[in-house]
Amino acid sequence: MKEPQIVTPDALSGETNQLFRPKFRLSPPLICFLTAFVLFSIGTIGTEITAIDVRFAIMAQDMARHSLGIFMTVNGVEYTDYPSGWMLFSYLSTLGGRFVNLWTLTLPSLLAGSYLIATTCAIGERYKRGIGICAASILFLTMEFLNIIMSFGIDVPIAALGVALLARLERKPNATLNALLFAVALIAGFAIRGPLGVILIGAATAAYLAVYRRWKEFILCGAAGAVVAVGCAAIGYKLILLQGGEDLWNTFREWQITSRMGDSEYLYYFSSGIVSFAPATIMSILCLIFCRRNILSSPLLGYLAFMLASLILLSIPGCKHLRYAAIALAPCALIAGYWVACEGESLETRILQQFFSVLELILLPVAALGFLAIITVGLILTQARLLPWGHWVVAALFLLALFTGIKRCTTTQMRLTKIAAVTAVMVTVAVYPLLAALGGSYDFVTKVEPLRRGNLSFFLVGPDHDDLKYVLYVSPEKRSELHYLYKKERDPRSPYARMYSGKLATEQIPLLPAGEIVIARSDKLESFRKLCMESSQTFHEIQRGKLGRKEYVAVEINPR
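On to the overall build of the chain, then. Helix and strand content of the chain: 23 helices and eight strands. What you see for the chain is a C-alpha radius of gyration of 26 Å, in line with the 24 Å of a compact globule of 560 residues. The principal-axis extents of the C-alpha atoms in the chain amount to approximately 85 × 55 × 40 Å. Across the 560 residues in the chain, those meeting the buried criterion constitute 55%. Across the chain, contacts joining residues at least 24 apart in sequence account for 75% of those joining residues at least 6 apart. Surface exposure of the chain reaches about 24600 Å², of which carbon and sulfur atoms provide 64%.

Written out as structure tokens, the structure is:
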């Protein structure tokens, strides 16, 4: 396998102009940043807040009502799973929590994600022209990666800090400056993600320096990391005690440490992760197989060490989510980009070239059929008035511009770029708004709330789950009127009990007044009916709809 082909600046500029046709010359990293940010923004503007973003939207609103602390809060109670560092940026972008929508809430993550893609491109282009464009294109093809960015994305800034350090480490070594920047990154990681942020950034950097035997930097960064870790732990401990005393400290330990440990699937990121983060993972594995002779004479060894160190550490705790692995995706894409940018007469290279040639030929009909399938699925699964027609019109215009403005590509790199551009438009502007529409809750809430004359109770819903999709659309001042009917006794001292008011269903149902509205999941309605019959209560259904992607029923208690 030969070294990656060197594409001349003039040739690269010509190919870039063929794709984007700017009036003035733009660098590939800047093109990647602008493209990513525009697509991410269009995909989130006017899109309903769903999934995990609901939790952070409520926290952003809460910051406008309560004083700032080391943790985000819900109804004034500390939510110790996340430090408040990243929420500060969303607090600013939502204008103090007063204008919370999906775009303003996720704007910091969209910028950080766009920076991550652009910096990945810059790292690859610095080594050989073409690698960076390929790596960025592969990130655009990785749907789970796009999904992580187009949300509040509390793990995106950790990934952005990681790729920034990787870019710095790949330059001429400067042990003192690199150790200083490393310390700054660790402090930011702690403020954003707590101990997990320090561990991920520290492990990835240490592994990179170790494989290249840069021992002076390794020792200086290790010393700086030890000082930062001890300092952050001490300052964090003091701030926690000042804000909530020993009770808050114990809650922090339970949520951040104890609950994350335990038995688990230790190969989760090497099994499910490979599938979820395809094609970046598949292509990087193929690169390591076919380019194995080049590992020591190329940057592949450093990328591999950076990626594996974070994945191995993430495999130890019991609590795992795909978004935690965001820090490993930039080096993974760079490895894959190195392979695509290679040229030669080997069998695997010719197969790869033919594969992308075929994909380019069928791209137009596949995109057209995919677009029709998206619209059809939307019409089947929800009402036409709730579908993102505006986004689909914009997506169709983008696709039309791509297919009419780009003639048939002549290189594997440009074929990959064209395929990635079409895929990114489909995912960010067409699919993502559809998924949000299918998981929307606004329609149900706006139909139930006008009928409510007093309190509202959730029967075996949450807290901190689908109930939040209802809570989000109730004004913060009226959230004290929302209560929970539990099945089991709750510890009144627990954070959830203080965040959300609730009582045992068997004790509370007989006391529900006439006209009270209760919301239950449709498959739990019979359980509620039986409890009502035992308490000589009756109810009638007033509305059905969705909270998230599950069907819920709102019922009103009848007078006795």
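So, about helix H9 (residues 175-193). With 19 residues, H9 extends 26 Å between its outermost C-alpha atoms, agreeing within 8% with the 27 Å of an ideal straight helix rising 1.5 Å per residue. Along H9, the residues that are buried comprise Ala175, Asn178, Ala179, Phe182, Ala183, Ala185, Leu186, Gly189, Ile192 and Arg193. Contacts made by the buried residues of H9 are with strand E2 (77-83), helix H4 (85-93), helix H8 (156-169), helix H10 (195-211) and helix H11 (215-256).

With that settled, consider the packing of aromatic side chains. Per the stated rule, a full pass over the model turns up 24 aromatic pairs. Taken together, a centroid distance of 5.1 Å and an interplanar angle of 55 degrees make the contact between Phe459 and Phe528 tilted. You can see Phe459 sitting in strand E3 (residues 456-459) and its partner Phe528 sitting in helix H23 (residues 525-534), a full 69 residues away along the chain. Residue Phe528 is classed as buried on the basis of its relative accessible area, which comes to 0%.

With respect to the helices and strands, Glu541 occurs in strand E7 (residues 539-547). The partly exposed category is assigned to Glu541, whose relative accessible area is 40%. Linking Glu541 and Ile557, residues 16 residues apart in sequence, is a C-alpha distance of 9.0 Å. Apart from the residues within four sequence positions on either side, Glu541 is in contact with Val553, Ala554 and Val555. A polar atom in the side chain of Glu541 sits 2.8 Å from the side chain of Arg544.

Another aspect to go through is the pattern of salt bridges. Two side chains with opposite charge may pair up if their charged atoms get near one another. Counting across every chain of the model gives 18 salt bridges. A salt bridge links Arg65 to Asp62; the nearest nitrogen and oxygen atoms lie 3.8 Å apart. The exposure class assigned to Arg65 is partly exposed, which follows from its relative accessible area of 39%. A salt bridge links Glu556 to Arg453, with the nearest nitrogen and oxygen atoms 3.3 Å apart. In this pair, Glu556 sits in strand E8 (residues 550-557) while Arg453 sits in the loop between helix H19 (442-448) and E3, placing the two residues 103 residues apart along the sequence. The exposed category is assigned to Arg453, whose relative accessible area is 65%.

Within the open sheet, the six strands sit side by side as E5-E4-E3-E6-E8-E7. Their pairing is mixed. Edge positions in the sheet fall to strand E5 (502-504) and E7, since each of these pairs with one other strand and no more. In this sheet, adjacent strand axes meet at a mean angle of 25 degrees when their direction is disregarded. Relative to E8, strand E6 (residues 517-521) runs antiparallel, the two being bridged by five bridges. The partner of Ile519 across the bridge, within E8, is Ala554. H23 rests against E3, strand E4 (482-486), E6, E7 and E8 of the sheet, and its axis sits at about 155 degrees to E7.

It is worth spelling out a nonpolar patch on the surface at this point. A grouping of Leu177, Leu180, Leu181 and Val184 is seen on the molecular surface, where their side chains present a nonpolar patch of about 330 Å² in accessible area. Assessed through its relative accessible area of 33%, Leu177 is described here as partly exposed.

Tracing the chain through its elements places Ser284 in helix H13 (residues 280-290). Beyond its immediate sequence surroundings of up to four residues, Ser284 is in contact with Cys332, Ile335 and Ala336.

Grouped together as the largest cluster of nonpolar side chains are 154 residues, with contacts concentrated most on Ile117, Tyr470 and Ile519. With 15 residues, the single largest contributor to this core is helix H18 (residues 412-438). Leave out the neighbours within four places in its chain, and Ile519 touches Phe444, Leu456, Ser457, Phe458, Phe459, Val461, Tyr470, Leu547, Tyr552, Val553 and Ala554. Listed in part, the 15 residues of the second largest apolar core include Ala505, Leu512, Phe528 and Leu531.

On average, the chain scores 88 in pLDDT, and the residues at 70 or more come to 94%. Confidence drops under pLDDT 50 across residues 1-20; counting only partners more than four residues distant or on other chains, this segment forms 52 contacts.

It is worth spelling out the pairing of E7 at this point. In this sheet, E8 lies alongside E7 in antiparallel orientation, the contact comprising eight bridges. By the bridge assignment, Arg544 is partnered in E8 with Val553. Hairpin connection from E7 to E8: two residues lie between these consecutive antiparallel strands, with Gly548 at a positive phi of about 70 degrees.

Packing of H9 against H10 leaves a shortest axis separation of 6 Å and a crossing angle of 150 degrees. Compared by their axis directions, H9 and H10 come out roughly antiparallel. The interaxial crossing formed by H9 with H10 has right-handed handedness. Contact residues: H9 offers Phe182, Ala185, Leu186, Gly189, Phe190 and Arg193, while H10 offers Pro195, Leu196, Gly197, Val198, Ile201, Gly202 and Thr205. Class assignment for the residues of the contact of H9 with H10 results in eight nonpolar, four polar and one charged.

Let us now look at the side chain of Glu556. Given a relative accessible area of 13%, Glu556 falls into the buried group. Each residue touching Glu556, except ones within four places of it in the same chain, is listed here: Arg453, Gly515, Glu516, Thr538, Phe539, His540 and Ile542.

Below, the discussion takes up the pairing of E4. Moving residue by residue along a regular strand, the side chains alternate between the two faces of the sheet. Counting buried positions along E4 yields four of five residues, so the element is predominantly enclosed. Looking at chain direction, E4 and E5 are connected through three bridges and run parallel. In the sheet register, Leu485 faces E5, and the bridge partner there is Lys503.

This next bit is on unusual backbone geometry. A cis amide bond, omega 5 degrees, links Ala278 with the succeeding residue Pro279. The topology assignment puts Pro279 in the loop between helix H12 (268-276) and H13. Phi at Asn75 is positive, roughly 55 degrees, even though this residue is not glycine. When you line up the elements, Asn75 lands in the loop between strand E1 (71-74) and E2. Despite not being glycine, Asp464 shows a phi value in the positive range, around 70 degrees. Mapped onto the fold, Asp464 is located in the loop between E3 and helix H20 (467-471).

Thresholds applied
Residues numbered from 1 in each chain as written. Predicted model: local features only at pLDDT ≥ 70, side-chain atom pairs only at ≥ 80, totals over all residues. Heavy atoms only, no water. Helix = DSSP H or I, 4+ residues; strand = E, 2+ residues; numbered from the N terminus. Rg over C-alpha atoms; globule rule 2.2 N^0.38 Å. Buried < 20%, exposed > 50% of the residue type's maximum accessible area, 1.4 Å probe, protein only. Contact = heavy atoms within 4.5 Å. Areas by Shrake-Rupley, 256 points an atom, 1.4 Å probe, with all protein chains shown as cover. Expected span 1.5 Å × (residues − 1). Phe/Tyr/Trp six-rings, centres within 6.5 Å; stacked < 30°, edge-to-face > 60°. Polar contact = N/O pair within 3.5 Å; in protein donor to acceptor, adjacent residues only side chain to side chain. Salt bridge = Lys/Arg side-chain N within 4 Å of Asp/Glu carboxyl O. Pairing = 2+ DSSP bridges. Axes fitted to C-alpha atoms, helices over the stretch in contact; angles between N-to-C directions. Patch = residues over 30% accessible without salt bridge, like charges linked within 9 Å, V, L, I, M, F, W, Y side chains within 5 Å. Core = buried A, V, L, I, M, F, W, Y, C linked by side-chain atoms within 4.5 Å. pLDDT = per-residue confidence, 0-100. Parallel < 35°, antiparallel > 145°, perpendicular 65-115°, else oblique. Left-handed = near helix turned anticlockwise from the far one by under 90°. Nonpolar A, V, L, I, M, F, W, Y, C, P; charged D, E, K, R; others polar.

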